[in-house]
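In case you want the letters, here they are:
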Amino acid sequence: NAGVTQTPKFRVLKTGQSMTLLCAQDMNHEYMYWYRQDPGMGLRLIHYSVGEGTTAKGEVPDGYNVSRLKKQNFLLGLESAAPSQTSVYFCASIKMNTGELFFGEGSRLTVL
Amino acid sequence: AQSVTQPDIHITVSEGASLELRCNYSYGATPYLFWYVQSPGQGLQLLLKYFSGDTLVQGIKGFEAEFKRSQSSFNLRKPSVHWSDAAEYFCAVGAVQGAQKLVFGQGTRLTINP
């Protein structure tokens, strides 16, 4: 039972490079989220999606783009990475009848 | 704007001692309240949640939390901690309806002394 899977788990980038983080969920959840976790700041919402083909901005969307072409996948892109985007990124999906978020194991990104 | 404050960044308790982790929230409507736990290198796992009804809620691993509307608090408790409870704990608040955009507190790191 995979749940929420994130790839890659680790990545080192140079400033200005681009990359995409992939999130896949096999629970048929409608809503999906991307959070970033930084020390002392908890988790902050970057973007979210309430269904296939729809996305919306969260609390800290600048420098990121997302796409939800398929219900089970939610992609987070960095077009031109900056050191301030060094963080651990978590994808989550929600089970609507319980309100419970299911998280992936995280993707640690370092931007040099 | 909604917010969550966890006043204690780091707490150390002895194994077998009782535990209380504090959480205060600011929210303009009826909130959903959650506690999540994160073990090192892992994602977050739901401990318990409050939507409505009984203000004392039971969760997994022997944890409980009490919703106090008058104090805007949702403190997490455990009568006797185990070494395996060492982790980081996050309180979160969300809307009763809508896109469920949870707002998380800063987290409290729990260390257990043997």
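Use the structure listed above.
Here is a short report on the structure shown in this document. (Residues numbered from 1 in each chain as written. Chains lettered and ligands numbered in written order. Predicted model: local features only at pLDDT ≥ 70, side-chain atom pairs only at ≥ 80, totals over all residues. Heavy atoms only, no water.)

Attention now moves to the interface of chain B and chain A. Listed per partner, the contact involves 19 residues of chain B and 21 residues of chain A. Buried area between chain B and chain A, summed over both chains or domains, comes out near 1,500 Å², and the portion from carbon and sulfur atoms is 60%. Summed over the shared surface of chain B and chain A, the number is zero salt bridges. Inspection of the chain B/chain A interface yields three residue pairs in polar contact (both at pLDDT 80 or more). Where the side of chain B that touches chain A is concerned, the elements lending two or more residues are strand S5 (31–38) and strand S6 (44–50) of chain B. Partitioning the side of chain B that touches chain A into residue classes produces nine nonpolar, eight polar and two charged. (Contact = heavy atoms within 4.5 Å. Buried area = accessible area lost by both parts, 1.4 Å probe. Salt bridge = Lys/Arg side-chain N within 4 Å of Asp/Glu carboxyl O. Polar contact = N/O pair within 3.5 Å; in protein donor to acceptor, adjacent residues only side chain to side chain. Helix = DSSP H or I, 4+ residues; strand = E, 2+ residues; numbered from the N terminus. Nonpolar A, V, L, I, M, F, W, Y, C, P; charged D, E, K, R; others polar.)

Moving on, we get to the sheet that holds strand S3 (residues 19–25) of chain A. As a general point, the strands of a sheet are linked pairwise by backbone hydrogen bonds and lie either parallel or antiparallel. Residues and elements named next belong to chain A. Taking strand neighbours across the sheet as the criterion, the four strands line up as S1-S3-S8-S7 in an open arrangement whose pairing is antiparallel. Of all the strands in the sheet, the pair left with one neighbour each is strand S1 (4–7) and strand S7 (65–67). With direction set aside, neighbouring strand axes in the sheet form an average angle of 20 degrees. (Pairing = 2+ DSSP bridges. Axes fitted to C-alpha atoms, helices over the stretch in contact; angles between N-to-C directions.)

In this section: the packing of aromatic side chains. As enumerated under the stated definition, the model contains 17 aromatic pairs over all chains in all. Judged by centre distance (3.7 Å) and plane angle (15 degrees), the rings of Tyr32 of chain B and Phe51 of chain B are stacked. Placement of the pair is Tyr32 of chain B in strand S5 and Phe51 of chain B in the loop between S6 and strand S7 (56–58), with a sequence separation of 19 residues. Tyr32 of chain B gets classed as buried once you look at its relative accessible area, which sits at 14%. The class for Phe51 of chain B is partly exposed, based on a relative accessible area of 22%. By the ring-pair criterion, three or more aromatic residues cluster together here, those being Tyr33, Tyr35, Tyr48, Phe90 and Phe103 of chain A together with Tyr32, Phe34, Tyr36, Phe51 and Phe104 of chain B. (Phe/Tyr/Trp six-rings, centres within 6.5 Å; stacked < 30°, edge-to-face > 60°. Buried < 20%, exposed > 50% of the residue type's maximum accessible area, 1.4 Å probe, protein only.)

Before going further, it helps to examine the pattern of salt bridges. Oppositely charged side chains can pair when the atoms bearing their charge come close. Residues and elements named next belong to chain A. Within the structure shown, the criterion is met by seven salt bridges over all chains. Between Lys71 and Glu30 there is a salt bridge, with the nearest N and O atoms lying 2.9 Å from each other. On the criterion of sequence distance, the pair formed by Lys71 in the loop between S7 and strand S8 (73–78) and Glu30 in the loop between S3 and strand S4 (32–37) is long-range, its members being 41 residues apart. Assessed through its relative accessible area of 35%, Glu30 is described here as partly exposed. Residue Asp38 pairs with Arg36 through a salt bridge whose shortest N-O separation is 2.8 Å. Like Arg36, Asp38 is buried.

Below, the discussion takes up the state of the cysteines. Enumeration over the complete set of coordinates arrives at two disulfides over all chains. Between Cys23 of chain A and Cys91 of chain A runs a disulfide, and the two sulfur atoms are separated by 1.9 Å. Handedness here is read from the sign of the S-S torsion; for Cys23 of chain A and Cys91 of chain A, about -75 degrees, the answer is left-handed. Of this pair, Cys23 of chain A sits in strand S3 while Cys91 of chain A sits in strand S9 (residues 87–95), and the two are 68 residues apart along the sequence. Here Cys23 of chain A matches Cys91 of chain A in class, with each residue buried. Residue Cys23 of chain B pairs covalently with Cys91 of chain B via a disulfide, S to S 2.0 Å. Across the disulfide from Cys23 of chain B to Cys91 of chain B, rotation about the S-S bond amounts to roughly -65 degrees, and the bridge is consequently left-handed. Here Cys23 of chain B, found in the loop between strand S3 (19–21) and strand S4 (24–26), pairs with Cys91 of chain B, found in strand S10 (residues 87–95); they are 68 residues apart in sequence, far enough to count as distant. A single burial state applies to Cys23 of chain B and to Cys91 of chain B, both of which are buried. (Disulfide = S-S within 2.5 Å.)

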